Structures are given as structure tokens and as C-alpha cells.
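The chain contents come next:
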Amino acid sequence: MSLHRRDWLRLAAVGLVGAKTQSSVLAAQDGQAPLRITGLKVTPIALPDPPLLFAGGCHGPYFLRNVVELETDGKIIGIGETSGNRDVTDALERARAIVVGRNAFSYRELAREILPREPGAYAAIEMACLDACGKATGRRLCELVGGPVRDQVPVAAYLFYRYAADHPTVLADPRVSDARGRGVRALDDWGEVRTPEAMAAMAGKFRERWGFRSFKLKAGVLSPEAERDTLKAMVSTLGTDCLLRIDPNARWRTETAVRIGKELAGLPMEYYEDPVRGQTAMAEVRKATGLKMSTNMCVTRFAHLAEAFRRKPIDVLLTDLHYFGGFAGNLALGPIAEAAGWTLSQHSNNHAGISMAAMIHLAASLPQLTMASDTHYVWLPENADIIEGPKLPIQGGTMAIPNGPGLGVTLDRDKLARAHEVYRKCGMAKREDASLMRRLEPGWTGGLL
Ligand code: GKR
Ligand code: MG
């Protein structure tokens, strides 16, 4: 819903529409701020997740998110989404007292108060403020922050080794509280993917279906040699015009990472992501292999930048609006990354359509974010999203900026209510991937390789 036409005409008559400090001018005019925040509703949800494997274990039956609805006196509701652990829900509940009574246009003021202690909560609140501002002004979120600098946002194929969605151990997980089952009742039909050949076949299908050019292999799961062979098998299937990323989430020792890194030299590597833990080890691998290195683990906040300038562990930074200061933080990060000689890519954790829309708006507005963004969105079953209508489409390896003011997506309250009900029933309060992995692979420890 937009500000009433009558209000715009009145403001236009006194020359205020488009004024640079619109919110304060409007406030002065009316004696109160427009888009005064009157309420903050937080809904924790659980959405179905297939058994994807990574260094920390196997994804549980659901991933958790928090959805925020920010009510304003203009009867405009802004929406936001962020990480789902219970501590973030609590942080959002605490933030209500700070946010209510403030002005959605002044979200940077809120950053000072909420961001340092609760980055995940700040991200959802800022997203909802910007969505409300967009709805009030009839502008897309990317336009509010000075974009778009690109209309189509490239995204990467995010490839996980995995078990079949209807593996008996997966279905027997005590946290499952929906009607999923064997065969046609399974969450998806990708089946088990635990060999180089099976992964290469899945990569080929990902390209056929979504047109991806960049392919990220989530590693730290099989032996490092099998994961190297997986990249080779992917090149045999995809050809050499694909771009490859491999991310063992720091499960490899430095010697392993150097040895495997040298063997990757002949492949069309886009970057080598977090093979080892910490900036010092990353810098050593970077020097020894000459590969482009990237991280979403050793540089995750502004406080890490100074050390990274000194140690030089990376060429590419995977940023994330959910923890790197929202849109405001990311837009500030762009020129800093450029000065450091880094390009930006975008990190992803499991998420739904609201975050997907926000990630597209960010990639469309941040000039330095030139590399394809990661997204788990392909793993979300079609009918499980919480936005109205179908999921946002991926075509030709890119996503278009959603049409419409603000984020350009609408919350489907029935789907939200169902996802909240699942949250209540499944009993999960945080992400926990080791228990299912130990049931699937007794003896698994997740130790260094
Ligand atoms: O979803 O298993 C996963 C990923 O491993 C995720 O947790 C990571 O944060 O996607 C992430 C990454 O690039 O490291
Ligand atoms: Mg990573």
C-alpha cells in the first residue's frame, strides 16, 4: 500500500516529494514522522530441508528462519527474514522496544543501537524498514539504495553431496513432523549423490534446468581426493566454460589444502573457498597454490578487515546482508573491498523467498558484487516457500529483480502459519547437523582431513 495520492499531491505542492531528507521534512510538516513504526511481529518458522552434507554433518529435516512484520502508522507493513536460531528470535523480541515509535526511513539510526550486538536481528529489521519505505514511495528496494546497477543477478549452482530424501534413517529422524515419506511423498527426487560421477550428473541437470555457469561444490564430506576427482568429473560433463568453486568449510589441514589446490590448477577454478581455518593458514595456502581464495569464514565482520589487509588471505569476499550489517553495511563494504583488490560474491545459508528477494536487490545495487551469488534456494521444495505465488525463478543462471515496490514479494500468511506450526512441532531451537550424520554414518567425527 502506498501513501495516499492526496498526501503526495499535498507534498508535491510544497515541493517536498523527492527532497533529499524526505523523512525529516515530512516529519517537520506533520509534526510526526511518516512510517512511524507501531509494531514488530516475529514469527519463527521451520521449512523442509533435504539431507545435504557438509563439513559439519547432515542438514536436519528443517531449517529455521525468523520472519519479521513491521507495522507502521501508514498501515504499510514491511517484511524481513533472517537466521532462525532461537537466540535471533529472542534478539528480535528485545529489539521491539527500540524500534517501536521510530521512523522506518531512519533505519540507520537503528543500526547504531541494534547492529553491534544483534547483527541477524538488525538485518531483518532493516530489510522490513526498506520494504515499508519502498511500499510507501512506490519504489523498488534497490532504487531506494541507489540502484540498480544491474537488472539480472547471476547466481551459482550450489551442489551438495547428499542422501536420498527418503532414506529410512532420514525419515526416522524424531524431528520430522510432516507427512513426508517414500517415493512420491519424498521431499525431492535427486536421490543419493555421494560419488564424483553422481555429482557430475547432478551438475549437468542443474545446468540444463537453471542455466548456471558457476558451480560451487560443498566439500569437506568425502575424501579430499574424491572431491578433487568430483571437480574433474564435473568438467568432463560441463565442459571448460564452466566456473568452479570448492568449499570444504575449513575441514582440511594446510598440507591437504596445498596438495589438492596444486592439483586443481588446470581446472577452470573461479576460487578456492575456505579450505582451511583462519587467516594465517588461508594466506599460506593462497601463496603456495597461486589460486584465487575466498571466504565466508575468516572475514565475517568489519573488525576482521584490518588483519585481512595485512595477512592477505583472500581475493574474494563472500558477503552476507544477514550478518555483515544489512544493506547499509554491504554498501559501505563495496568500496573497501575494491580498495583491497577483492571482488565480492554473496554467501548463503538456507533461506526462503523474502531473503532471496533481498539478496537479489543487494546484488543489483552493489557495484562490486560482480560474481554469481550463492543461494540454497533451489533446495527449497516448490510449495514450501512463504511468499505468495510460485518461487522466484532462476533462468539462464540469473535472477531478475522482483517487480513491485519494496522487496517486490508478498508474504503468504497461510504458508507462514503452516511453517510456524511445523516449527512448534519439530522442537528445533537451533541448527544441529551432527546427530543425523552420526546416525547415517556411525563413527563419523567431522575431524580434520
Ligand atoms: O548449508 O551446509 C550449508 C553450508 O555449509 C553453510 O552452512 C555455509 O555457511 O554456505 C555456507 C558456506 O558457503 O560456507
Ligand atoms: Mg563457504
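Please read these numbers as outputs of a predicted model, since none were measured by experiment.

Parameters and conventions
- Residues numbered from 1 in each chain as written.
- Chains lettered and ligands numbered in written order.
- Predicted model: local features only at pLDDT ≥ 70, side-chain atom pairs only at ≥ 80, totals over all residues.
- Heavy atoms only, no water.
- Near = heavy atom within 4 Å.
- Polar contact = N/O pair within 3.5 Å; in protein donor to acceptor, adjacent residues only side chain to side chain.
- Areas by Shrake-Rupley, 256 points an atom, 1.4 Å probe, with all protein chains shown as cover.
- Helix = DSSP H or I, 4+ residues; strand = E, 2+ residues; numbered from the N terminus.
- Nonpolar A, V, L, I, M, F, W, Y, C, P; charged D, E, K, R; others polar.
- Phe/Tyr/Trp six-rings, centres within 6.5 Å; stacked < 30°, edge-to-face > 60°.
- Buried < 20%, exposed > 50% of the residue type's maximum accessible area, 1.4 Å probe, protein only.
- Lys NZ or Arg CZ within 6 Å of the ring centre and 35° of its normal.

> Could you give an account of the site of ligand 1, naming the residues involved and the relevant values?
Around ligand 1 lies a shell of 15 residues, among which H59, Y158, K216, N249 and H376 are the nearest. In the environment of ligand 1, an oxygen atom lies 2.8 Å from a nitrogen or oxygen atom belonging to the side chain of K216. A distance of 2.9 Å separates an oxygen atom of ligand 1 from a polar side-chain atom of K218. A total of 350 Å² of accessible area belongs to ligand 1 in isolation, and the protein chains cover 94% of it. Breaking the shell around ligand 1 down by element, the ones donating at least two residues are β7 (157–160) and β8 (214–218). A class-by-class count of the residues in the shell around ligand 1 yields three nonpolar, seven polar and five charged.

> Pulling in residues and values, what's your account of the packing of aromatic side chains?
The description of two aromatic rings rests on the distance between their centres and on the angle between their planes. Enumeration according to the criterion identifies 13 aromatic pairs in this entry. Here the aromatic rings of W190 and W379 are separated by 6.3 Å at their centres, their planes lie at 65 degrees, and the arrangement is edge-to-face. Residue W190 is located in the loop between α7 (168–171) and α8 (196–210), and its partner W379 is located in the loop between α14 (353–365) and β14 (398–400); the two are separated by 189 residues in the primary sequence. W379 shares its class with W190; the two are buried. Connected via pairs of aromatic rings, a cluster forms that spans Y158, F160, W190, F206, W210, F212 and W379. Of note, R180 hangs over the ring of Y62, and the distance from its end group to the ring centre comes to 4.9 Å.

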